[in-house]
Amino acid sequence: MKHPLLPLSETMHYILLALKEPLHGYAIMQTVEEMSEGTVILAAGTLYGAVENLSKHGWIAPVPGETGRRKVYRITQDGERILAIERRRVEHLLSLYETRD
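Named according to an unreviewed UniProt entry, the protein is Helix-turn-helix transcriptional regulator originating from Cohnella hashimotonis.

What follows is the structure in C-alpha cells.
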C-alpha cells in the first residue's frame, strides 16, 4: 500500500534533505532557502506543520539530549528510506525527459 504522504511535496523534500544534519526550525528555514537558491521560502506555520507531519510519521525526530528553547531535529532511518524511494521516482521521471527529447 502506498503511503499517503507520497509523493513528497517540494517542501517536504527540502526539509528532509536539510535534516541530514541536525537543525532547529529557523536553521531549517535558512537551509531550505539556500538549497533552493531562494525559490522556496518557508513561513513558520508551513515549516512547523510539515515538521509535525514528518515527526508523526517517524521520518524526523528531535535530537535527544538537546536543551534550550529551540528543538533540534534530524532525519531518521525511515526518513532516509522515504528519500531513497523518492529519489528513485524522481530519477525515473528525469530519465523520461532524456528519452523523450
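Resuming the write-up.
Participant: For this particular structure, what's the right way to read the nonpolar core?
Facilitator: A general feature of soluble globular proteins is that nonpolar side chains tend to end up buried together. Residues Leu8, Ile15, Leu16, Leu19 and Val32 are the most contacted members of the largest nonpolar core, which totals 26 residues. Breaking this core down by element, the ones donating at least two residues are helix H1 (10-18), helix H2 (25-35), helix H3 (44-56), strand E3 (72-75) and helix H4 (77-100). If you tally residues by element for this core, the top one is H1, at five residues. Beyond its immediate stretch of four places on either side in the chain, isoleucine 15 contacts Ile28, Val32, Leu42, Leu47, Ala50 and Leu54.

Participant: Honestly, H2 in this entry has me stumped. Any pointers?
Facilitator: Among all positions of H2, only Gly25, Ala27, Ile28, Met29 and Val32 are buried. Check the buried side of H2 and you find it contacts H1, strand E1 (23-24) and H3. Directly after H2, the chain includes glutamate 37, whose backbone phi takes a positive value near 55°.

Participant: Looking at this structure, how should I read the sheet that holds E3?
Facilitator: Where strands meet in a sheet, backbone hydrogen bonds hold them as pairs that are either parallel or antiparallel. The three strands lie next to each other as E1-E3-E2, forming an open sheet whose pairing is antiparallel. Two strands lie at the open edges of the sheet, namely E1 and strand E2 (60-62), each paired on one side alone. The sheet contact formed by E1 and E3 spans two bridges and is antiparallel. Within E3, the residue paired with leucine 23 across the bridge is tyrosine 73.

Participant: Just to check I follow, could you spell out unusual backbone geometry for this structure?
Facilitator: At the junction of leucine 6 and proline 7, the peptide bond is cis and its omega measures out at 0° in the coordinates. Position of proline 7 among the secondary structure elements: in the segment before H1.

Participant: Please explain the packing of H1 against H2 as it appears in this structure.
Facilitator: Between two packed helices, what matters for the description is the angle formed by their axes and the separation of those axes. Following both chains from N to C, one finds H1 and H2 inclined at 110°, their axes separated by 9 Å at the closest point. Here H1 is positioned roughly perpendicular relative to H2, judged by the angle of their axes. Relative to H2, H1 is oriented so that their crossing is right-handed. Packed against H1, whose contacting residues are Tyr14, Ile15, Leu17 and Ala18, the element H2 presents Ile28, Thr31, Val32 and Met35 at the interface. Partitioning the contact of H1 with H2 into residue classes produces seven nonpolar, one polar and no charged.

Participant: Can you help me understand the pairing of E3 in this one?
Facilitator: Looking along a regular strand, one sees side chains alternate from face to face of the sheet. Two strands pair when backbone bridges link them, and E2 and E3 are joined in this way by three bridges, in the antiparallel orientation. Its bridge partner lying in E3, alanine 61 is registered against arginine 74.

The rules behind the values
- Residues numbered from 1 in each chain as written.
- Predicted model: local features only at pLDDT ≥ 70, side-chain atom pairs only at ≥ 80, totals over all residues.
- Heavy atoms only, no water.
- Core = buried A, V, L, I, M, F, W, Y, C linked by side-chain atoms within 4.5 Å.
- Buried < 20%, exposed > 50% of the residue type's maximum accessible area, 1.4 Å probe, protein only.
- Helix = DSSP H or I, 4+ residues; strand = E, 2+ residues; numbered from the N terminus.
- Contact = heavy atoms within 4.5 Å.
- Pairing = 2+ DSSP bridges.
- Axes fitted to C-alpha atoms, helices over the stretch in contact; angles between N-to-C directions.
- Parallel < 35°, antiparallel > 145°, perpendicular 65-115°, else oblique.
- Left-handed = near helix turned anticlockwise from the far one by under 90°.
- Nonpolar A, V, L, I, M, F, W, Y, C, P; charged D, E, K, R; others polar.

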